Amino acid sequence: MNALLRAEARKVLTTRSTLIIAGFVILYPALSVLPAVLAAQEPTVDRGTILQVLRGGADVLTVAALLLGILAVAGEHRHGTIVPSLLVSPRRGRFLAAKLGSQAALAVVLALAASAVGLITGTAYLATRDVSVDLLSSDVVVTVLAVTLVVTLYAVIGAAVGALAKNQTAAVAGTLIWVFAVENAIPLVVGDPGLKRWLPGGLSDRLLQVAEPVGGLGSAWLALVMFAGVAAVLGGAALVATKTTDVH
Amino acid sequence: MEPIVSQELTKRFGTVPAVSDLSFAVGAGRVTGFLGPNGAGKTTTLRILLGLVDPTSGSATINGLRYAELAHPARTVGAVLEATSFHPGRRARDHLKILATAAEIPLSRVEEALDRVGLGNAAHRRVGGFSLGMRQRLGLAAALLGDPEILILDEPTNGLDPDGVRWLRGLTRQLAAEGRTVLVSSHLLSEVAQTVDDVVIIAGGALVARGPVADLARQAATQFSVLLRTPEPAEAQRVLTAAALDVTLDRDGALVVSGATPDVVGRAVAQAGLTVYEMRPLDRTLEDVFLELTGTREGRTR
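This one's a predicted model, so the numbers in the text were calculated from it and none came from an experiment. (Residues numbered from 1 in each chain as written. Chains lettered and ligands numbered in written order. Predicted model: local features only at pLDDT ≥ 70, side-chain atom pairs only at ≥ 80, totals over all residues.)

Visitor: Any chance you could explain the overall build of chain B here in plain terms?
Guide: Helix and strand counts for chain B stand at 11 helices and 13 strands. The dimensions of chain B, computed from C-alpha atoms along their principal axes, are 75 × 40 × 35 Å. Residue pairs at least 24 apart in sequence account for 70% of intrachain contacts in chain B once pairs closer than 6 positions are excluded. (Helix = DSSP H or I, 4+ residues; strand = E, 2+ residues; numbered from the N terminus. Contact = placed C-beta atoms within 7 Å.)

In C-alpha cells, the structure reads:
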C-alpha cells in the first residue's frame with residue numbers, strides 16, 4: 001500500500017495542472033487579503049476577520065479538492081494511464097484506496113498550507129490595523145481543523161466522483177453545476193430554504209462555522225457525521241464501480 | 001505448467017459475443033503469434049488475461065493464477081496494449097518511475113529499460129511530444145521494467161514505420177532468445193511469421209487454428225488451388241461444386257478452386273463443354289492459408 005501511495009504522490013508531483021491548482025489555492029488566502037489592503041477606504045476589521053480569511057480560502061480549497069480528486073481518477077481514464085496503473089496494481093480495491101488516500105493527504109497538505117498563508121497574511125494585515133490575533137486561540141485552531149477536515153472529505157468525494165463518472169469532462173462539469181447551481185436550486189424548487197443546510201454544501205458550511213455560535217456544537221457534530229456519510233457512500237459506490245467495471 | 005492458458009473463455013458485451021469458448025495454451029519460452037482479423041476478439045482476450053476485463057465464463061490464467069492473484073504482476077508479465085496510455089504532460093522517465101514505484105521495482109531499472117528501447121536520450125521529454133513509434137517504445141520500456149518472464153504485446157507494430165517494425169522484430173527475437181515467453185497479437189500473419197514459433201488463430205471470437213507456424217507453412221506448400229476464368233462462372237461453379245471441389249468466386253469474376261490441381265479442374269470443365277479464358281495454378285502463401293482460415297480473403301464469397 002505504501003508503494004501505491006508513493007506512486008500516487010509521484011503522479012501528483014509530475015502533473016502540471018495539479019501543481020498549478022495547488023499553487024493557486026495555497027496563495028489564494030494572501031490574494032484575498034490584498035483587496036482589503038489596497039482599498040482606499042478599508043473595511044472594518046476585528047479579530048474575527050482572520051476566521052473570514054480562513055473560510056474564504058476554504059471556499060476555493062473545497063472546489064479545488066473536488067477538481068483534483070476528479071482529475072486524479074477520471075484523468076487516468078481520459079489519458080489511458082488506467083491501463084498501465086492497473087497492470088502494476090491489479091487489485092483494484094487497493095488501487096482505489098491509494099487514490100482516495102493520496103488525494104486526502106494532498107488535501108490535508110493544501111488545507112494546512114493555505115491556512116498558514118491565510119494566517120500569516122491575515123495577521124500581518126490586521127497588525128497594520130492595530131488588531132492582534134492569538135493564533136493559538138481555540139476559534140482559530142478549530143477553524144483550521146474544520147477547514148482541513150472539510151477539504152479532505154471533499155477530496156475523497158472528488159476522487160469517488162471521478163471513479164464513478166470516468167469521463168473527466170462530464171465529471172468536472174457535473175460537479176461544478178451541482179456545487180454552483182443545483183445545490184442552490186433544490187431548496188428553491190422544493191420551496192424549503194432550510195433544506196440547503198442538509199445538502200453537502202450546507203453541511204460543509206456548518207462545519208466551517210464550527211467556531212461560531214450557530215446552532216451549537218451538537219449540530220456541527222451532526223453535520224460532520226452526515227458529510228462524512230456522503231463521502232463514505234460515494235467512496236463505497238466508487239469501490240463497487242472500480243472493482244466491477246471492465247477497462248478498455 | 002504452460003505459462004498462459006485460456007480455458008473455455010467466453011466474453012459477451014451485452015448480447016454481442018466478443019470471445020466464444022476459446023481454449024489455447026502458450027508454451028514456455030516460445031514466441032506465439034495471436035492472430036486474427038480486426039474485431040476477432042484478440043484484444044478482448046488479452047485484456048481478460050491481464051485482468052482488465054472480466055470474462056463472462058471460462059478462465060484465463062498466467063502461471064496457473066488469475067492476473068490479479070499474481071504476487072508480483074509487473075515482475076511476472078510485461079504488457080503493451082496500446083500506444084496512448086500516457087499522460088501527455090509527463091516526462092517519459094517520470095511515467096516509468098511511477099510504474100516502478102507502484103510495482104516496487106528499483107528505480108535504476110527505469111534508465112535500463114529506456115536504454116533498451118532506444119529512448120535513453122528522450123527520457124527527459126514530455127510524452128505529448130512523442131511520435132507514435134516513440135510511444136510504442138515507451139510502452140515496451142514499461143513492459144520490460146520488471147524484467148518479466150512473460151511478455152504480452154497487442155499489435156505492437158501499429159503505427160511503426162518500416163524501421164520501427166524491423167527494430168521490434170529484432171527486439172522480440174532477443175527477448176525470446178533470453179528464454180522469455182512472448183505472446184504477440186497481430187491481424188497480419190506476415191508481420192509476425194518471421195518471429196513466432198507457434199500461432200493461435202481466431203476469427204469471430206473463436207479458435208480456428210493453433211500449432212507451430214511450420215505446420216501452417218507446410219499446409220501452404222501442400223495445398224493446391226487453381227484460378228479459372230470463364231464467361232460462364234455460375235455454370236462453372238455449379239459443375240465444379242458437383243465434382244466435390246471447393247470453389248469460391250473472386251470479386252473480379254474469376255473462380256478459385258481450392259485443393260485441386262489444374263488437370264482435375266480442366267477435365268471437369270471440358271466435360272461440361274465450358275469455354276475457358278484462363279486457367280493457372282495459384283501459389284499459396286502462408287498469408288493465403290491465414291486468410292482462408294479466418295475467412296477474410298478480400299473479395300471472396302464463401
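Visitor: Teacher, can you tell me more about the sheet that holds strand β3 (residues 31-35) of chain B here?
Guide: Within a sheet, neighbouring strands are paired by backbone hydrogen bonds and run either parallel or antiparallel to one another. Residue and element names in this part refer to chain B. If you walk across this open sheet you meet the 6 strands as β5-β6-β7-β3-β8-β9, and the pairing is mixed. Taken across any chain shown, the strands that pair with only one partner, and hence form the sheet edges, are β5 (77-80) and β9 (206-212). Direction aside, neighbouring strands of the sheet carry axes that sit 15° apart on average. In terms of strand pairing, strand β6 (residues 150-154) meets strand β7 (residues 181-186) through 5 bridges, oriented parallel. Within β7, the residue paired with I152 across the bridge is L183. Helix-sheet contacts for helix α1 (residues 42-49) involve β3, β6, β7 and β8 (198-203), and the interaxial angle to β6 is about 145°. Taken strand by strand, helix α6 (residues 162-177) contacts β3, β6 and β7, and its axis lies near 150° from that of β7. (Pairing = 2+ DSSP bridges. Axes fitted to C-alpha atoms, helices over the stretch in contact; angles between N-to-C directions.)

Visitor: When you look at the sheet that holds strand β4 (residues 57-62) of chain B in this model, what are you seeing that I'm missing?
Guide: Residues and elements named next belong to chain B. Here 3 strands make up an open sheet; going across it, the order is β2-β1-β4 and the pairing antiparallel. Because the sheet does not close on itself, it has two edges, and the strands there are β2 (16-26) and β4. The mean angle between the axes of side-by-side strands here comes to 20°, regardless of whether they run parallel or antiparallel. Inspection of the sheet shows strand β1 (residues 4-13) paired to β4 by 5 bridges, in the antiparallel sense. Looking at β4, one finds that V5 is bridged to T61. This element, α1, spans β1, β2 and β4 of the sheet and lies at about 115° to β1.

Visitor: Whenever I open this one, the environment of A160 of chain A confuses me. Can you help?
Guide: Residue and element names in this part refer to chain A. As for its placement among the helices and strands, A160 is situated in helix α6 (residues 138-165). Residue classification places A160 among the buried residues on the basis of 29 C-beta atoms within 10 Å. Those residues within four positions of A160 in sequence are excluded, and the remaining contacts are L234, G235, A237 and A238. (Buried ≥ 20, exposed ≤ 12 C-beta atoms within 10 Å, placed from the backbone.)

Visitor: Got a minute to help me understand the domain arrangement of chain B in this structure?
Guide: Size of an interface: often given as the accessible area lost when the parts come together. For chain B, the assigned domains are domain 1 (4-212) and domain 2 (224-283). Here domain 1 of chain B and domain 2 of chain B have C-alpha centroids that lie 43 Å from each other. (Domains from an automatic or database assignment.)

Visitor: Help me out: how do you make sense of the packing of helix α3 (residues 92-102) of chain B against helix α4 (residues 108-116) of chain B in this one?
Guide: The relative placement of two packed helices comes down to the angle between their axes together with the axis-to-axis distance. Residue and element names in this part refer to chain B. Remark: α3 packs on α4, axes separated minimally by 9 Å, with the N-to-C direction vectors making an angle of 130°. Considered as vectors, α3 and α4 are oriented oblique to each other. The way α3 lies across α4 gives a crossing that is right-handed. Here α3 contributes A92, R93, L96, K97 and A100 to the contact with α4, which in turn contributes R109, V110, A113 and L114. Looking at the contact of α3 with α4 residue by residue, the class counts come to 6 nonpolar, no polar and 3 charged. (Parallel < 35°, antiparallel > 145°, perpendicular 65-115°, else oblique. Left-handed = near helix turned anticlockwise from the far one by under 90°. Nonpolar A, V, L, I, M, F, W, Y, C, P; charged D, E, K, R; others polar.)

Visitor: I tried to follow helix α1 (residues 2-13) of chain A on my own but got confused; where do I start?
Guide: Since the α-helix packs 3.6 residues into each turn, any two residues three or four apart lie on the same face. The end-to-end C-alpha distance of α1 of chain A, which contains 12 residues, comes to 16 Å, matching closely the 16 Å that a straight helix rising 1.5 Å per residue would cover. What α1 of chain A keeps buried is the set L4, A7, E8, R10 and K11 of chain A. Each buried residue of α1 of chain A lies within a common arc of 155° when the element is viewed along its axis, so the set occupies one face. Contact partners of the buried residues in α1 of chain A: α5 (92-128) of chain A together with α3 of chain B. (Expected span 1.5 Å × (residues − 1). Arc of directions from axis to C-beta.)

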